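Geometric and topological summary
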Amino acid sequence: AAGTATIGWVKEGTQVSYHGKGYLNLGWLDPRTPYLYDWYDEYPYDLQAWRDICGREAGAVLDLACGTGRVAIELARAGKRVVGLDFSPAMIARAQEKAAAEEERVRRRVSFVVADVADFRLGRRFRTAIIPCFSFHELGTFEAQQGCVH
């Protein structure tokens, strides 16, 4: 059943909607998490692979569980239009902060949205959708995994 969680350390009394599917790790909502997550920026080992994979298709890329935008911003630098989606408002805020520091040509190509990767509607379709960095395993139920890929 859908519900809300009160997350005191995001902002006292903040209500965050979720879908109660049994897979939600509220630790991702902690505003400190994005800065720890950014350590991945020091390990660009996979970025060329994502550029190659996403460069095969025309059109925008949907980056699911985009975190702080490491892959989305890199794809935008490479000329792709990218929509990054993540459940964590703190992660999206950090992604937007990082994108704002990029050149205008990159900023125009990337946008970010807060949404549940297991249950979202963007009102558009993408030929390419990715979920980098083992994020799919965070969807701890078959129902959540199905929701993500449909």
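Definitions and cut-offs
- Residues numbered from 1 in each chain as written.
- Predicted model: local features only at pLDDT ≥ 70, side-chain atom pairs only at ≥ 80, totals over all residues.
- Heavy atoms only, no water.
- Salt bridge = Lys/Arg side-chain N within 4 Å of Asp/Glu carboxyl O.
- Helix = DSSP H or I, 4+ residues; strand = E, 2+ residues; numbered from the N terminus.
- Buried < 20%, exposed > 50% of the residue type's maximum accessible area, 1.4 Å probe, protein only.
- Pairing = 2+ DSSP bridges.
- Axes fitted to C-alpha atoms, helices over the stretch in contact; angles between N-to-C directions.
- pLDDT = per-residue confidence, 0-100.
- Contact = heavy atoms within 4.5 Å.

Time to look at the pattern of salt bridges. Between side chains of opposite charge, pairing is possible as soon as their charged atoms come close. Under the criterion given, the structure shown has 8 salt bridges. Residue E102 pairs with R77 through a salt bridge whose shortest N-O separation is 2.6 Å. One end of the pair, E102, is in the loop between α4 (89-100) and α5 (104-107); the other, R77, is in helix α3 (residues 70-77), with 25 residues separating them in the sequence. E102 gets classed as buried once you look at its relative accessible area, which sits at 17%. Of the charged contacts, one joins R94 and E97 as a salt bridge, the two residues approaching to 2.4 Å between their closest N and O atoms. Remark: E97 and R94 occur in helix α4; sequence separation between them is 3 residues, near one turn of the helix. By relative accessible area, R94 is classed as buried at 18%. Members of the salt-bridge network, linked through shared partners, are R51, E74, R77 and E102.

Before going further, it helps to examine the environment of A90. On the secondary structure map, A90 appears in helix α4. Exposure remark for A90: the relative accessible area of 16% places this residue in the buried category. Taking the C-alpha atoms as reference, A90 lies 9.3 Å from V114; in sequence the two are 24 residues apart.

This next bit is on the sheet that holds strand β5 (residues 110-114). Here 4 strands make up an open sheet; going across it, the order is β5-β4-β3-β6 and the pairing parallel. Here the strands that pair on one side only, and so sit at the sheet edges, are β5 and β6 (128-130). Pairs of neighbouring strands in the sheet enclose a mean axial angle of 20°, with direction left out of account. Here strand β3 (residues 61-64) pairs with strand β4 (residues 82-86) via 4 bridges, running parallel. Its bridge partner being in β4, V61 is matched across the sheet by V82.

The next subject is the confidence of the model for the protein chain. Mean pLDDT over the protein chain works out to 77, with 63% of the residues at or above the 70 mark. For the protein chain, the element scoring lowest by mean pLDDT is strand β1 (residues 3-7), at 42; α5 scores highest, at 97. The low-confidence segment residues 1-21 (pLDDT under 50) makes 41 contacts with residues lying over four places distant or belonging to another chain.

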